[in-house]
Amino acid sequence: MFLLFANKAIAICTILLAFGSIVVASSILLKKTDNALMRFISKWRAELGLFIAGGSVLGSLYYSEIVGYEPCTLCWWARIFIYSSSLIMLVAILKKKADAFVYVFPLSLIGILFAINHLVITWFPGKGFSCDAVELCTKLYVNEFGFVSIPLMVFVVYVALIVLAFSHKKELSA
């Protein structure tokens, strides 16, 4: 029963995060960075990044360690980069450093490549660079609303971190 609730809640959070990332990316691209949303992001960027990446870490641990879903090789690679990003942001917050996204950005770029490949494998079986355990890579443990899967959740998390990194870069160059 709790798993059904958790899947729905995580799927809704994923959709909201995707929508929020689109709104922030649009603000950056349209150079509308002097608004309440962008001021909020500027003030809380590292905390937002930690909340997003940390939530992803907790979600991945919940699915693998509590529910018992076995992660495939691509999931493990995606975890390496998201776990590292979480730690970098935590240390940056504790040390009051503003440069966390200098390090998180390249990790997110590498991680999103694994997420994209995982999405291609699940959406188009037989395509993409497959991992060792093909049956694990293509297995949809979660498929809420007919499209929100674990690979999509990972992709959205990386997109959000990349958008936060770009908002930081734009702020530095302004």
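Residues numbered from 1 in each chain as written. Predicted model: local features only at pLDDT ≥ 70, side-chain atom pairs only at ≥ 80, totals over all residues. Heavy atoms only, no water.

Student: I keep staring at the overall build of the protein and nothing clicks. Help me out?
Tutor: When helices and strands are counted, the protein shows six helices and zero strands. Its helices and strands taken in sequence order, the protein reads α-α-α-α-α-α from the N to the C terminus. Taking 174 residues into account, the globule formula puts the C-alpha radius of gyration at 16 Å, and the protein, at 16 Å, falls close to it. Structurally, the protein occupies a C-alpha span of about 50 × 35 × 30 Å along its principal axes. Considering the protein as a whole, with its 174 residues, one finds that 41% of them fall into the buried category. Taking the contacts inside the protein whose residues are at least 6 apart along the sequence as the reference set, 73% of them involve residues at least 24 apart. For the protein, the exposed area adds up to about 10100 Å²; of that, 73% sits on carbon and sulfur atoms. Treating the 14 positive side-chain charges of the protein as one cloud and the 9 negative ones as another, the clouds have centres 11 Å apart. (Helix = DSSP H or I, 4+ residues; strand = E, 2+ residues; numbered from the N terminus. Rg over C-alpha atoms; globule rule 2.2 N^0.38 Å. Buried < 20%, exposed > 50% of the residue type's maximum accessible area, 1.4 Å probe, protein only. Contact = heavy atoms within 4.5 Å. Areas by Shrake-Rupley, 256 points an atom, 1.4 Å probe, with all protein chains shown as cover. Lys, Arg positive; Asp, Glu negative; His and termini not counted. Charge placed at Lys NZ, Arg CZ, Asp CG, Glu CD.)

Student: Just checking my understanding: could you explain the environment of Ala100 for this structure?
Tutor: The topology assignment puts Ala100 in helix α4 (residues 100–123). For Ala100, a relative accessible area of 3% translates into the label buried. Residues Ala100 and Leu48, 52 residues apart in the sequence, show an inter-C-alpha distance of 12 Å. Not counting chain neighbours up to four residues away, the residues in contact with Ala100 comprise Ile88, Met89 and Ala92.

Student: Explain a nonpolar patch on the surface to me, please; I cannot follow it from the model alone.
Tutor: On the surface, Ile12, Ile15, Leu16, Phe145 and Phe147 cluster together into a nonpolar patch covering about 460 Å² of accessible area. Within the element layout of this structure, Ile15 appears in helix α1 (residues 2–29). (Patch = residues over 30% accessible without salt bridge, like charges linked within 9 Å, V, L, I, M, F, W, Y side chains within 5 Å. Salt bridge = Lys/Arg side-chain N within 4 Å of Asp/Glu carboxyl O.)

Student: It is not clear to me how helix α2 (residues 36–67) should be interpreted in this structure. Could you clarify?
Tutor: An α-helical turn contains 3.6 residues, so any two residues separated by three or four positions project in the same direction. Between its terminal C-alpha atoms α2 stretches only 39 Å, short of the 46 Å expected from 32 residues at 1.5 Å a residue. The largest bend along α2 measures about 80° and falls at Trp44. Its side-chain oxygen at 3.2 Å from the backbone nitrogen of Leu37, Asn35 defines the N-terminal cap of α2. Backbone geometry just after α2 places Gly68 at a positive phi near 100°. (Expected span 1.5 Å × (residues − 1). Bend = angle between axes of the 7 residues up to and from the residue. Polar contact = N/O pair within 3.5 Å; in protein donor to acceptor, adjacent residues only side chain to side chain.)

Student: What's the story with unusual backbone geometry in this structure? I'm lost.
Tutor: Trans peptide bonds make up most of the peptide bonds, and negative phi angles are found at most residues other than glycine. With a phi close to 55°, Lys96 is a non-glycine residue in the positive phi region. Assignment of secondary structure puts Lys96 in the loop between α3 (73–94) and α4. Phi is positive for Phe145, which is not a glycine, with a value near 55°. Relative to the assigned elements, Phe145 resides in the loop between α5 (134–138) and α6 (150–173). By relative accessible area, Phe145 is classed as partly exposed at 43%.

Student: Can you walk me through the packing of aromatic side chains in this structure?
Tutor: How two aromatic rings sit relative to each other is set out by the distance from centre to centre and by the angle between their planes. All told, the structure shown has nine aromatic pairs when counted by the stated rule. A centroid spacing of 6.0 Å and a plane angle of 45° characterise the contact between Phe2 and Phe5, whose relative ring orientation is tilted. With Phe2 and Phe5 both in helix α1 and three residues apart, this pair spans about one turn of that helix. Considered together, Phe2 and Phe5 belong to a single accessibility category, that of exposed residues. Ring centres of Trp77 and Phe81 lie 6.5 Å apart, and the angle between their planes is 25°; on these two criteria the pair is classed as stacked. A residue pair is termed a helical-turn pair when its members lie 3 or 4 positions apart in one helix, as Trp77 and Phe81 do in helix α3 at four residues. One aromatic cluster is present, built from ring pairs that chain together Phe2, Phe5, Tyr62, Tyr63, Tyr69 and Tyr141. Over the aromatic face of Phe145 sits the side chain of Lys8, whose NZ or CZ is 5.0 Å from the ring centroid. (Phe/Tyr/Trp six-rings, centres within 6.5 Å; stacked < 30°, edge-to-face > 60°. Lys NZ or Arg CZ within 6 Å of the ring centre and 35° of its normal.)

Treat this as a map of the structure, not an account of what it does.
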